[in-house]
Amino acid sequence: AGYLVDAMLKSASSMPQARVIEGGVVMYLVDLRLKDLTMPVTLIWGAHDGLLPVAYAETLHSKIAGSTLHVIPNAAHIPHRQASKEFVRLLQEALP
């Protein structure tokens, strides 16, 4: 099934946001307090996310000590809908 967000993201590379991200602003979007997190953090990301690219997830991951990052190959911005079985599996692995 197609999602509205997918249709919108198909043109994301030509949108102004794409130029902002390509310009290296990703580092400035990350909250400076991420380093203060002490609880376990699991990031689950879609490999084809056109709104928040994997580079942003990698930046978050590098700023959160002990975090884990999982990138779902066949998902974009809404991996919980686009690859729900894989998303749930990863989420269950992360929960105590």
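Fair warning: this is a prediction, and the values are worked out from it, not measured in the lab.

Asker: Explanation requested: the pairing of strand β1 (residues 42-46) in the structure shown.
Answerer: Within β1, 4 of the 5 residues are buried, which leaves it mostly tucked inside the rest of the structure. In this structure, β1 lies alongside strand β2 (residues 68-72), joined through 5 bridges in parallel fashion. Paired with Trp45 across the two strands is Val71, which belongs to β2. Considered for its hand, the β-α-β crossover made up of β1, helix α3 (residues 54-63) and β2 is right-handed.

Asker: Please explain the confidence of the model for the protein as it appears in this structure.
Answerer: Any segment with low pLDDT has predicted coordinates that should not be analysed in fine detail. Per-residue pLDDT for the protein has a mean of 82; in total, 69% of the residues score no lower than 70. Here helix α1 (residues 4-9) stands out as the least confident element of the protein, with mean pLDDT 59; β2 is the most confident, with 98.

Asker: Mind showing me how you'd approach the nonpolar core here?
Answerer: Across soluble globular proteins, you tend to see nonpolar side chains buried next to one another. By size, the foremost hydrophobic cluster in this structure holds 9 residues: Leu34, Val41, Leu43, Trp45, Val54, Tyr56, Ala57, Leu60 and Ile64. For this core, the secondary structure elements donating two or more residues are β1 and α3. Ile44, Ile72, Phe87 and Leu90 belong to the second largest nonpolar core, which has 6 residues in total.

Asker: In this structure, what is going on with the packing of aromatic side chains? I would like to understand it.
Answerer: What characterises a pair of aromatic rings is the spacing of the ring centres plus the angle enclosed by the ring planes. Taken as a whole, this structure holds 1 aromatic pair when the rule is applied. Arranged with centres 6.2 Å apart and planes meeting at 50°, the rings of Trp45 and Tyr56 form a pair that is tilted. With a gap of 11 residues between them, Trp45 in strand β1 and Tyr56 in helix α3 connect regions that are remote in the sequence. Note on Trp45: relative accessible area 11%, which makes it buried.

How each quantity is defined
Residues numbered from 1 in each chain as written. Predicted model: local features only at pLDDT ≥ 70, side-chain atom pairs only at ≥ 80, totals over all residues. Heavy atoms only, no water. Buried < 20%, exposed > 50% of the residue type's maximum accessible area, 1.4 Å probe, protein only. Helix = DSSP H or I, 4+ residues; strand = E, 2+ residues; numbered from the N terminus. Pairing = 2+ DSSP bridges. Right-handed = clockwise from strand over helix to strand, strands pointing away. pLDDT = per-residue confidence, 0-100. Core = buried A, V, L, I, M, F, W, Y, C linked by side-chain atoms within 4.5 Å. Phe/Tyr/Trp six-rings, centres within 6.5 Å; stacked < 30°, edge-to-face > 60°.

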